[in-house]
Amino acid sequence: FSLTDGDGQSEHLLPVCEDKTCQKSAIYLTKLGLDQWIPVLQDFRNKDTLWGFVPYQNDKSSTEISFPITLHIGDYNMDGYPDALAILMNTSGSNQQAFLLENVPCNNVSCRSARRMFKVFWELSDLNQIKDAVVATFFDIYEDGILDIIVLSKGYSNRDFAIHTLKNNFEADAYFVKVIVLSGLCSNDCPRKITPFGVNQPGPYIKYTTVDANGYLKNGSAGQLSQSAHFALQLPYNVLGLGRSANFLDHLYVGIPRPSGEKSIRKQEWTAIIPNSQLIVIPYPHNVPRSWSAKLYLTPSNIVLLTAIALIGVCVFILAIIGILHWQEK
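Residues numbered from 1 in each chain as written. Predicted model: local features only at pLDDT ≥ 70, side-chain atom pairs only at ≥ 80, totals over all residues. Heavy atoms only, no water.

Draft legend 1. Representation of the state of the cysteines. A full pass over the atoms with the stated rule returns two disulfides. Across the disulfide from Cys17 sits Cys22; the S-S distance is 1.8 Å. Between Cys17 and Cys22, the disulfide has an S-S torsion of 95° and is therefore right-handed. Residue classification places Cys17 among the partly exposed positions, given a relative accessible area of 24%. Between Cys106 and Cys111 runs a disulfide, and the two sulfur atoms are separated by 2.0 Å. Disulfide Cys106-Cys111: torsion about the S-S bond near 100°, hence right-handed. Look at Cys106 and you get partly exposed, because its relative accessible area is 23%. (Disulfide = S-S within 2.5 Å. Buried < 20%, exposed > 50% of the residue type's maximum accessible area, 1.4 Å probe, protein only.)

What follows is the structure, given as structure tokens:
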């Protein structure tokens, strides 16, 4: 489903209830080359309260709306390791809330082969204030590359819902790159000299390689619109966290699905991508990757202005010293 251990391969995450009432919940992971499911979260106990996923009620005669067990993936702290949002219910059934699951290094034997695990943030005051939450997902409200949170909760009646938005106030010297792959199609024949943009499409795969702040090679990857059911609520683009490394992306690869029977891989590579930018990829024509185009959009922040002011100030200071020395020498 999404990258979790930083090796450039995508993994499959599976949230499960191991009994009908979800008294025992867990999240498992597997990936290419593994022949088993590895638990990356099994501890759902907060102090004296045991939590678990909300069991899905497949009763069509009931007026109660039931939502499938779903994880929504997003890198809220831009460290390069995607985190998750999940809806949990305490075992007494008195309350269900949205919780943020942070992707952290593994600290027990059971997840050692996965190298990463999820840790539940139990004490997040903003999320804890939203009672009877039913769906929670990430959304970049301010289009600044930082993922915020949208929570849907029950209202006074079973079919009355309220939407809550929570701004991500995480402030760190971290970087990102936002990539959207369009379909490269027109609704009919495109006029001449007009590139068919199309709309975002499900299935493209994005991968990057860069060097982190310590000089080690860092890989990241994600699939665009990888899920279509179970209230996926995925963004039409991918926000890839780069951590605290302001280095250019050495390589960024984009691949799209190919028709059945075709053997040639539809993949293109771009180099030296600026961090904190948005890349729009137009795969046209589909079967000629070298003809694909990419448009990079960069929004300068206030740091650019502050850097310019600091540079000008330093230059003026140095010129003043040089001028004083020249005057003394004369």
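Draft legend 2. Structural context of the sheet that holds strand β15 (residues 217–223). Strand order in this open sheet of four strands is β15-β14-β17-β18, and the pairing throughout is antiparallel. In the strand order of this sheet, the two ends are held by β15 and β18 (267–273), each with one partner. Each neighbouring strand pair of the sheet contributes to a mean axis angle of 15°, computed without reference to strand direction. By the bridge criterion, six bridges tie strand β17 (residues 249–255) to β18 in an arrangement that is antiparallel. Paired with Tyr253 across the two strands is Glu269, which belongs to β18. (Pairing = 2+ DSSP bridges. Helix = DSSP H or I, 4+ residues; strand = E, 2+ residues; numbered from the N terminus. Axes fitted to C-alpha atoms, helices over the stretch in contact; angles between N-to-C directions.)

Draft legend 3. View of the domain arrangement of the protein. Looking at the protein, the domain boundaries give domain 1 (11–166) and domain 2 (175–299). Its C-alpha centre places domain 1 at a distance of 27 Å from the equivalent point of domain 2. A buried area of about 1300 Å², summed over both sides, lies between domain 1 and domain 2, and 60% of it is on carbon and sulfur atoms. A salt bridge links Lys178 to Glu143; the shortest N-O distance between them is 3.0 Å. For the pair domain 1 and domain 2, the interface holds seven residue pairs in polar contact (both at pLDDT 80 or more). With four residues, strand β10 (residues 133–139) is the single largest residue contributor to the side of domain 1 that touches domain 2. (Domains from an automatic or database assignment. Buried area = accessible area lost by both parts, 1.4 Å probe. Salt bridge = Lys/Arg side-chain N within 4 Å of Asp/Glu carboxyl O. Polar contact = N/O pair within 3.5 Å; in protein donor to acceptor, adjacent residues only side chain to side chain.)

Draft legend 4. Focus on the nonpolar core. Residues Ala98, Leu127, Phe138, Ile149 and Val151 are the most contacted members of the largest nonpolar core, which totals 25 residues. Elements with a minimum of two residues in this core: β7 (83–90), β8 (96–105), β10, β11 (148–154), β13 (175–181) and β19 (277–282). Here this core takes three residues from β10, the largest share from any one element. Each of domain 1 (11–166) and domain 2 (175–299) gives at least three residues to this core. With residues up to four places along the chain from it excluded, the contact list for Ile149 reads Leu85, Leu127, Thr137, Phe138, Phe139, His164, Thr165 and Leu166. One finds Leu13, Val104, Cys111 and Met117 within the second-largest nonpolar core, a separate group that totals 23 residues. (Core = buried A, V, L, I, M, F, W, Y, C linked by side-chain atoms within 4.5 Å. Contact = heavy atoms within 4.5 Å.)

Draft legend 5. Region of interest: the environment of Arg192. Among the structural elements, Arg192 can be located in the loop between β13 and β14 (205–211). As for Arg192 and Lys154, which are separated by 38 residues in sequence, their C-alpha atoms are 51 Å apart.

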